[in-house]
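Each chain, written out:
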Amino acid sequence: QVQLVESGGGLVQAGGSLRLSCAASGRTFSSYTMGWFRQAPGKEREFVAGINRSGGNTYYADSVKGRFTISRDNAKNTLYLQMNSLKPEDTAVYYCAATGNLLYGRTNYERRLMYDYWGQGTQVTVSS
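Rules and cut-offs
Residues numbered from 1 in each chain as written. Predicted model: local features only at pLDDT ≥ 70, side-chain atom pairs only at ≥ 80, totals over all residues. Heavy atoms only, no water. Phe/Tyr/Trp six-rings, centres within 6.5 Å; stacked < 30°, edge-to-face > 60°. Helix = DSSP H or I, 4+ residues; strand = E, 2+ residues; numbered from the N terminus. Buried < 20%, exposed > 50% of the residue type's maximum accessible area, 1.4 Å probe, protein only. Lys NZ or Arg CZ within 6 Å of the ring centre and 35° of its normal. Disulfide = S-S within 2.5 Å. Lys, Arg positive; Asp, Glu negative; His and termini not counted. Salt bridge = Lys/Arg side-chain N within 4 Å of Asp/Glu carboxyl O. Polar contact = N/O pair within 3.5 Å; in protein donor to acceptor, adjacent residues only side chain to side chain. Contact = heavy atoms within 4.5 Å.

A.B. asks: I keep staring at the packing of aromatic side chains and nothing clicks. Help me out?
C.D. replies: Ring pairs (aromatic) are described by centroid distance and by the angle formed between their planes. According to the stated counting rule, one finds six aromatic pairs in the structure shown. Where Tyr 32 meets Tyr 117, the ring centres are 6.0 Å apart and the plane angle is 85°; that geometry is what we call edge-to-face. With Tyr 32 in the loop between strand S3 (18–26) and strand S4 (33–39) and Tyr 117 in strand S10 (residues 117–118), this pair connects stretches of sequence that are 85 residues apart. For Tyr 32, a relative accessible area of 1% puts it in the buried group. Through successive ring pairs, a cluster of aromatic residues spans Phe 37, Phe 47, Tyr 115 and Trp 118. The residue whose ring lies beneath Arg 45 is Tyr 95, and the NZ or CZ to ring-centre distance is 3.6 Å. Sitting over the ring of Trp 118, Arg 45 keeps its end group 5.0 Å from the ring centre.

As structure tokens, then:
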């Protein structure tokens, strides 16, 4: 098992930047495929970005491509999401997720049911 704790959320003006972190504890972090999801009020939880175990492959939702960067530091057991050029529509609770399975292709990374472990979420609010 792995425990996930997100941090780094907050209030930022449109055009600003935030970096989210997800600290993992428990089983070896490098054995997990990771993802970031978000959920806005009244909406379903949606995929934001995913990264494979080594960090060599990354996937992004079209809505964040070119603005967000997912990365991981396996030595520090931490997942990151660098968010630049933030927009009001990025406002949501952001969750990190983990699975011990290998995932192939963006379609699989996008599927919430592929992930076994979830953090409690961190709020990101972007003001216009």
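A.B. asks: Any chance you could explain the state of the cysteines here in plain terms?
C.D. replies: Here a disulfide denotes a covalent bond joining the sulfur atom of one cysteine to the sulfur atom of another. Summed over all chains, the structure comprises one disulfide. Across a sulfur-sulfur distance of 2.0 Å, Cys 22 and Cys 96 are joined as a disulfide pair. What sets the handedness of the Cys 22 and Cys 96 disulfide is the S-S torsion sign, and at about 50° it is right-handed. Residue Cys 22 is found in strand S3, and its partner Cys 96 is found in strand S9 (residues 92–99); the two are separated by 74 residues along the sequence. This pair shows no difference in class: Cys 22 is buried, exactly as Cys 96 is.

A.B. asks: What is the right way to read the side chain of Glu 6 from this model?
C.D. replies: Here Glu 6 is to be found in strand S1 (residues 2–7). Salt bridges are absent for the buried Glu 6, whose nearest opposite-charge side chain, Arg 45, sits at 7.3 Å. Within the structure, the side chain of Glu 6 is placed 2.8 Å from the backbone nitrogen of Cys 96, a separation counted as a polar contact. Separated by 2.9 Å, the side chain of Glu 6 and the backbone nitrogen of Gly 121 make a polar contact. Glu 6 has contacts with Ser 21, Cys 22, Trp 36, Tyr 94, Tyr 95, Cys 96, Gly 119, Gln 120, Gly 121 and Thr 122, leaving out every residue within four places of it along the chain.

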